[in-house]
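# Tertiary structure, described
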Amino acid sequence: MEAPLLSVEGCSFAYRGGDFRLQGVSLDVPSGRVVAIVGPNGSGKSTLLRLMAGLLRPDPGRVLLEGRAVHSMSRKRLARALAFLPQEPETSFGFAVREVVAMGRYPHLGTFGFLAARDIEVVERALHETAAAALASRPFSTLSGGEKQRVLIAGILAQEPSLMLLDEPTAALDIHHCYEVLDLLRRLSRRGIGIVLVTHDLNAAAQFSDRLILLAAGRVARAGTPAQVMDQGLLSAVYQADVRVIENPVTLTPMVILTGKASDEAN
Amino acid sequence: MRRTERYLSAGRFAGVLAAGVALWLAAGAVCLFVGQASVGPADVVRVLWGDQEASRAANVLLMLRLPRVLLGLLAGGGLAVAGAVFQALLRNPLATPHTLGVSSAAALGAVVAICLGLPGPSGGPFTAVQFFALAGGLLDVGVIYLLARRKEVFSPLKLLLAGVTMGLICSAMIMFVRFLSDPMKLVVVDRWLMGGLDVHGFRSLAAVLPIVLPALAVLLTEANAMNQLSMGEEMAAGRGVDVAAVQKEAFIAGSILTAAIVSVAGPIGFVGLIVPHLLRSLFGPDHRLLLFLCFFGGGVFLAAADAVARSVVAPSELPVGVLTAMLGGPFFLVLLMRRLR
């Protein structure tokens, strides 16, 4: 097997003055695959994603991108290889869609960030690939939730990264737009980009991702293919709920359904 | 609604910049000939020809009008840039150069110097009042910096709370000093607090230029990073911005810029609020363009307001700080109502 794109090696993390949010997490992210991080609220999903993005520093542990520690790289250099999309970024001051996407070129440009012909090409291509070209002149703040997410993905695509990290990219979307975004991410992964996303939607994760990482209380409960992770006993224990895993009759991927009320052990 | 069909290329940037400079120079030139003593372009020619009878006109132009117009252009421009920067940094559209209490602290320094009749530094371009105003403003910047400093990020919320609180403390201390001081001196204090550009000669400009120009340079080079910050701190960090460094530098440069201007011109209000808003609604939110336009637009606004201030109630003159709020306030309200409708 070829070297992983990103490796998390024995990472623990605690917010200052708080308990551990992650303990001894190790995992590999391959290129050209969609990896979904799932787990109950407070299991450390977003913390793990921020460690991967170099926004938080593990203690102890290290995160390697193509063999280099992310914390030893300058932020601009890191951003040329790794893009991070937080959940619901702020959008003050009414930038237009085209400007929002063009901001993705930041790590490739100088102090004033004027776009050269090739940069404009990259931005326009990102707008087309995310079906956002028709929105290009509109103010970003007037878009619907699904449109915004497509434009934000166009923005990190314009960064030309080899790895994209997305924090709950489908959280505010209806089922149609959720699947549209996940399908887009899957297509991008097939071009060789590594995709890691955090999500609460286990069924969508099982359907659209190649690997699942199930976190529970700051540790990796299981990592593997959707079939390996979508285990009835494991999910019941981790989510403390009566669940059943069945086969999705259309996609043939594993599907979890809640069968009863939350188990009494939860209390 | 503003539609953006094009990217901000270096060429378009240079074009808008050139137009700004042209307007700036033209407005400055017009303001030179507005005032109580009627001095016209013909007098300039006579002065340049060495006409002895034109010496009065030369004195008015060179020692009164020119430094005053230049200070107006510099102070208005600097306050508008600082306002735009604080609006981006605090992510609050109501932020002004005075929001973080720098001006109140500078005012406290000035009021103390006036009431106690403190001597200034001997030599150098500063008067005692300017020196203590600048010292007060810088002290405030230092205190807020220490309060808002954190390991990972420089929290805008902490910055705002610390700054507003410092401003309130300084305002209370101004009241306290006023209460204790000789009533005769209160006239001078009040006049200073209204803000004005009534300088004589180039001493004040020489005092603040070495502070204002580097601060402006720092802010203008960070304009592109400020664009990224308006999408949020994490998004900016993911794009390669060293968020903590940019926030720190923008806060310090913006505050020092404000302190320097206030130390010579007093706490002139409204320029730092309305000029950025007006220019943003006309030219869009891109800080690379906006900050330069604020410098030129804010300068033109203040120099023009000062030209009005020294002509409307001739032979007396209005303090320009009073006029900016009286003109700017209603204008801003109209803008606000039209936006909300």
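Residues numbered from 1 in each chain as written. Chains lettered and ligands numbered in written order. Predicted model: local features only at pLDDT ≥ 70, side-chain atom pairs only at ≥ 80, totals over all residues.

## Some points on the overall build of chain B
Quick note on the threshold: Runs of E in the DSSP output that reach at least two residues are strands. Runs of H or I that reach at least four are helices, and both are numbered from the N terminus. Atoms considered for the radius of gyration are the C-alpha atoms alone. The globule rule reads 2.2 Å times the number of residues to the power 0.38. Exposure is read from a count of other C-beta atoms within 10 Å of each residue's own; the residue is exposed at 12 or fewer, buried at 20 or more and partly exposed in between. C-beta atoms are placed from the backbone. Contacts here follow a simple rule: the backbone-placed C-beta atoms of the two residues must lie within 7 Å.
For chain B, the count of helices and strands is 14 helices and zero strands. N-terminal to C-terminal, the α/β element order of chain B is α-α-α-α-α-α-α-α-α-α-α-α-α-α. On C-alpha atoms alone, chain B measures out to a radius of gyration of 21 Å, which is about the 20 Å that the 2.2 N^0.38 rule sets for 341 residues. For chain B, the spread of C-alpha atoms along the principal axes amounts to about 65 × 55 × 40 Å. The buried share among the 341 residues of chain B stands at 49%. Long-range contacts, defined here as pairs at least 24 residues apart, represent 76% of the contacts in chain B between residues at least 6 apart.

## Some remarks on the environment of arginine 203 of chain B
Along the polypeptide, arginine 203 of chain B turns up in helix α8 (residues 203–221). Sequence separation between arginine 203 of chain B and proline 125 of chain B is 78 residues; the distance between their C-alpha atoms is 5.5 Å.

## Re the nonpolar core
Across soluble globular proteins, nonpolar side chains show a tendency to be buried alongside one another. What counts here: Here a nonpolar core is just a set of buried residues of the types Ala, Val, Leu, Ile, Met, Phe, Trp, Tyr and Cys, joined wherever their C-beta atoms sit within 7 Å.
Core analysis: the largest hydrophobic core is formed by 191 residues, its most contacted members being Met52, Val101 and Leu165 of chain A together with Val81, Ala110, Ile261 and Cys294 of chain B. Broken down by element, this core gets its largest block of residues, 17 residues, from helix α3 (residues 55–89) of chain B.

## Considerations on α3 of chain B
In an α-helix there are 3.6 residues to a turn, and that puts residues three or four apart on one side. Residue and element names in this part refer to chain B. Applied cut-off: Take the number of residues in a helix, subtract one, and multiply by 1.5 Å to get its expected span.
Here α3 is 35 residues long and its end C-alpha atoms lie 49 Å apart, about the 51 Å a rise of 1.5 Å per residue gives. Most of α3 sits inside the fold, with 25 of its 35 residues counted as buried. At the exit of α3 stands arginine 91, carrying a positive phi of roughly 45°.

## Here we look at the confidence of the model for chain B
All names here are of chain B. The criterion, for reference: Scored from 0 to 100, pLDDT reflects the predictor's confidence in each residue.
Of all residues in chain B, 94% have pLDDT values of 70 or greater, and the mean over the chain is 86. The weakest mean pLDDT in chain B belongs to helix α2 (residues 41–48) at 72; the strongest belongs to helix α13 (residues 287–309) at 93. If you check the scores for this complex, the pTM reads 0.88 and the ipTM reads 0.87.

## Points about the sheet that holds strand β10 (residues 219–224) of chain A
All names here are of chain A. Test applied: What makes two strands pair is DSSP finding at least two bridges between them. To obtain each axis, a line is fitted to C-alpha atoms, and for helices this fit is confined to the stretch in contact; angles are then taken between N-to-C directions over 0 to 180 degrees.
Here we have six strands laid out as an open sheet, ordered β6-β7-β8-β3-β9-β10, and mixed in their pairing. Every other strand in the sheet has two partners, leaving β6 (82–85) and β10 as the edge strands with one partner each. In this sheet, neighbouring strand axes are inclined to one another by 15° on average, regardless of whether the strands run parallel or antiparallel. Sheet topology places strand β3 (residues 34–38) next to strand β9 (residues 211–216); four bridges connect them, and they run parallel. Counted as the bridge partner of valine 38 is leucine 214 from β9. With respect to the sheet, helix α6 (residues 175–190) is in contact with β3 and β8 (194–198), its orientation differing from that of β8 by roughly 150°.

## Describing the sheet that holds strand β5 (residues 68–69) of chain A
Residues and elements named next belong to chain A. Strand order in this open sheet of four strands is β2-β1-β4-β5, and the pairing throughout is antiparallel. Since the sheet does not close on itself, it has two edges, and those belong to β2 (20–29) and β5, each with one partner. Judged from the six bridges that link them, strand β1 (residues 6–14) and β2 form a sheet pairing that is antiparallel. Bridge pairing links leucine 6 to valine 29 in β2. Sheet contacts for helix α1 (residues 45–52): β1, β2 and β4 (62–65); angle to β1, the most-contacted strand, approximately 125°.

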